[in-house]
Amino acid sequence: MEEPRRYGRRVFLATVAGGVSSLYWGKAAWDHVTGVVTPVANAVAPIFPSGWRIYTISGHMPTFDPATWRLDIGGLVEEQVSLTYDELRALPRVEQVSTFHCVTGWTVNNVRWGGVRLHDVLARARPQMSGHALRFVSMEVPYVDYLTIQQASLHDVMLAYEMDGQPLPREHGAPVRLIIPEMYGYKNVKWLQGIDVVPQAVNGYWEDLGYDRDAWVGRSNGYGT
Ligand SMILES: Nc1nc2c(c(=O)[nH]1)N[C@H]1C(S)=C(S)[C@@H](COP(=O)(O)O)O[C@H]1N2
Ligand SMILES: [Mo]
C-alpha cells in the first residue's frame, strides 16, 4: 500500500507541475469521451492505473491532522456534535462494495468502502423536523454539496474512512468522504469536515456550474443522457 500511495502522489505533483498541457490533454480526452465541454475539465485530474482520476477544485489537497480534525454536525439539530477521528471510528463499522461513476463518463468497479452509516452519525445529533436536507462541507473550500434527508436515507449512503482495505488515501478525501453510489461522483464530497442540517437542498459547487442537483446515475444531465 505504501508504494502505490507514493506513486500516486508523485503522479499528482507531476501533473500539477505539468500545468497547462496536462490540463489541456485532460480536457481534450474528456471532450472526446462525453462529446460535450464540461466544467469538470478545469479540475486537476491525473489518471491512476486503477481507473480513478483525482479531482480537486483548488489544485491542492487538504491535509488531515488527527489532532485537530473534527467532523462537526450542526444546523437544525437538537444537539451539536463534534466528532474526533477516533470517535468516528468507534461508531459501528460497515462495508460496501459499489461502483463509482463520474458524470464525465469514467467509472471504477467494485470499490470496497469501509466506514459508518450516515444515519448512525446523524442519530447522534438528532435532526429537527424542519430540516429537510443536509449540507456536506469539505475542508477544500468552497466545495459543498447537498442531499435531501430522503436521499441521504438510502441504505448504502455512508461516510467512508477506508477504501479497498486501507485508510482513505489523502487524494481520495482523507480522513473521510461521503459515499452515495446511486449518484454521480460530484455528490461524493471529499475531505469532509462538516454536515449541517438545513431547511432544503440548494445548489452545490457543481450544480452552480450546471449539473443536476438530483445526480442519479443514468437519470440526470451527465454522461449518457
Ligand atoms: N472536495 C472535493 N470533493 C470532490 C471533488 C472535488 O474536486 N473536491 N470532485 C468530485 C468529483 S466530480 C468526483 S468524480 C469525485 C472523484 O473522486 P476521486 O478524486 O477520489 O477520484 O470526487 C468528488 N468530490
Ligand atoms: Mo466527477
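See the structure printed just above.
Let us look at the structure shown here. (Residues numbered from 1 in each chain as written. Chains lettered and ligands numbered in written order. Predicted model: local features only at pLDDT ≥ 70, side-chain atom pairs only at ≥ 80, totals over all residues. Heavy atoms only, no water.)

This part takes up the nonpolar core. Counting 53 residues, the largest nonpolar core has Leu71, Leu88, Trp113, Leu159 and Ile195 as its most contacted members. For this core, the leading source of residues is strand S7 (residues 158-163), giving five residues. Beyond its immediate sequence surroundings of up to four residues, Leu88 is in contact with Trp69, Leu71, Leu83, Val116, Val121, Tyr161 and Val176. (Core = buried A, V, L, I, M, F, W, Y, C linked by side-chain atoms within 4.5 Å. Buried < 20%, exposed > 50% of the residue type's maximum accessible area, 1.4 Å probe, protein only. Helix = DSSP H or I, 4+ residues; strand = E, 2+ residues; numbered from the N terminus. Contact = heavy atoms within 4.5 Å.)

So, on to the site of ligand 1. The local shell around ligand 1 holds 20 residues, among which Arg53, Glu140, His172, Arg177 and Lys190 are the closest. Tyr55 places a main-chain nitrogen or oxygen 3.0 Å from an oxygen atom of ligand 1. Arg177 has a polar side-chain atom sitting 2.8 Å from an oxygen atom of ligand 1. Burial of ligand 1 by the surrounding chains reaches 100%, relative to a free accessible area of 530 Å². Partitioning the shell around ligand 1 into residue classes produces eleven nonpolar, five polar and four charged. (Near = heavy atom within 4 Å. Polar contact = N/O pair within 3.5 Å; in protein donor to acceptor, adjacent residues only side chain to side chain. Areas by Shrake-Rupley, 256 points an atom, 1.4 Å probe, with all protein chains shown as cover. Nonpolar A, V, L, I, M, F, W, Y, C, P; charged D, E, K, R; others polar.)

If you check which residues of helix H4 (residues 118-125) are buried, you get Leu118, Val121, Leu122 and Ala125. Projected down its long axis, H4 carries its buried residues within an arc of 95 degrees, all on one side. Note on H4: the residue one or two positions beyond its end, Arg126, has a positive phi of about 55 degrees. (Arc of directions from axis to C-beta.)

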